[in-house]
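# Architecture at a glance
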Amino acid sequence: GGYLVYTKYTCIEQFGMNKDTVMLTASDAGWMNGHTYALYGPLLMGAKTVLIERPMSLINEDLFKKVLLSERVSILYLPVTLIRLMRSIDEKINIKSKFLKTLGSMGEPLSKHIGSWFSKKFSFKSLQVVNAYYQTENSAILASPKFSDSLKRVPFGTVGKQVNNILGMFLEKIASKKSEIKIKNPWPGCMIGVINGKKQFDQYWDKKFNFRLFDYASLDKNKNFIIHGRLDDVINIRGHRIGSAEVESVLLKDKNIHEVCAIGVTDELEGDLIIVFVAAKHQDLHHIIKKIITENFGTFAIPKKIFYIPEMPKTRSGKILRRLLRDILLNPESNKYGDLSTILNSEIVNEIQYVVRDHE
């Protein structure tokens, strides 16, 4: 009951959904985005929903155009990884729809450059992008720009403000200039248990019973949240703490780069080293990558290794599997990387192994 209440509330408040809405969601129905915003949300509103379970199929312009225009889609909700890929082939995509009223993105932080492109590409006017910040355990959006927010007050690169003040979302300092984002008050969509998993369930709350999201974040001048990545994706180089998402965001400014994933590996001398996986038009971008990193962070953050791969391993919701890339990097000869059943493109694992071994 709490899940349904919270789902309907966020559909109205964040997306501007009503009974006349046609919502296109590109996500597996088995993932939370598929649950909440492709199925239960539109059904609760009496709206029409279009579900694309293989997001990358929308790279086919004819299919994308047919669905978008023939169904008169008014809310377009896509994985950030798909949006990035579309931007990389920008000149080949020529679709605009007068029916679009709201844009949304899921799975990954939306950088300023990607958000700006998405805002203008498919609509005849610039639209805000509802970059949904939440996790499976939260059931529906915790924070995001609202469909009606001005682009000036809630710029791309942020996830706006919390859905409702009842959440009491706040930042708790954990290191110099770094803070963890937490929730003070339980909300209707909050998970109430884990079957046969009390130990796992208890890990989500700190000693003051604040709900932990395991992300670090900051606030901009208008008090919008900026998500910098997972706590375990912080790379510590000679005392400098950099989030993987920060490195990825600056590299994606280059249009030659389709996708990028930055991970840290332990080094006895320097603490951590940055390793970058890149899916790009060309495989001779070392100079450009080093230049971008130096200008934004300094020479200390130049990647130790750069691997060029065809594409990133992803879930059906578009989330890049960073832990899998780290496992392959550390043990490229292995034939066991845990459960890979959630990977959309499992065949890519062997190709990444080959690239890592060849680099060695």
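Scroll up for the structure.
Residues numbered from 1 in each chain as written. Predicted model: local features only at pLDDT ≥ 70, side-chain atom pairs only at ≥ 80, totals over all residues. Heavy atoms only, no water.

## A closer look at the overall build of the chain
Test applied: Secondary structure follows DSSP: runs of H or I at least 4 residues long count as helices, runs of E at least 2 residues long count as strands, and numbering of each begins at the N terminus. We call two residues in contact whenever any of their non-hydrogen atoms come within 4.5 Å of each other. Areas reported as accessible are Shrake-Rupley estimates using a 1.4 Å probe. Residue values count occlusion only from the protein chains shown.
A tally of helices and strands in the chain yields 10 helices and 16 strands. Along the longest, intermediate and shortest principal axes, the C-alpha atoms of the chain span 60 × 50 × 40 Å. Relative to all contacts within the chain whose residues are 6 or more apart in sequence, the contacts with residues 24 or more apart total 66%. Here the chain has roughly 17100 Å² of accessible surface; of this, 52% comes from carbon and sulfur atoms.

## Concerning the side chain of K121
For K121, the location among the structural elements is in helix α5 (residues 112–121). Beyond its immediate sequence surroundings of up to four residues, K121 is in contact with D90, I93, I95 and K96.

## Regarding the side chain of D272
Following the sequence through the fold, D272 ends up in strand β15 (residues 271–280). Not counting residues up to four positions away in its chain, the partners in contact with D272 are V234, I235, N236, I237, V265, T266 and D267.

## Some remarks on a nonpolar patch on the surface
The test is simple: Within this analysis, patches are made of residues with over 30% relative accessible area and no salt bridge. Like charges are joined at 9 Å or less; nonpolar side chains (Val, Leu, Ile, Met, Phe, Trp, Tyr) at 5 Å or less. Salt bridges are defined by distance alone: a side-chain nitrogen of Lys or Arg within 4 Å of a carboxyl oxygen of Asp or Glu.
Together, L4, L39, Y40, L43, L44 and L51 line one region of the surface with nonpolar side chains, adding up to about 490 Å² of accessible area. For the nonpolar patch, the element with the most residues is helix α2 (residues 32–45), which contributes four residues. Note that L51 resides in strand β2 (residues 48–52).

## Looking at the sheet that holds strand β4 (residues 102–106)
Defined as follows: DSSP-based pairing: two strands are paired if at least 2 bridges between them are found. Between N-to-C directions, angles span 0 to 180 degrees; the directions come from axes that are lines fitted to C-alpha atoms, helices contributing only their stretch in contact.
Sheet architecture is open: five strands sit in the order β2-β1-β3-β4-β5, paired in parallel fashion. Of all the strands in the sheet, the pair left with one neighbour each is β2 and β5 (129–131). This sheet shows a mean twist of 15° between the axes of neighbouring strands, independent of strand direction. In the packing of α2 onto the sheet, contacts are made with β1 (22–26), β2, β3 (75–79) and β4, and the angle to β1 comes to roughly 165°.

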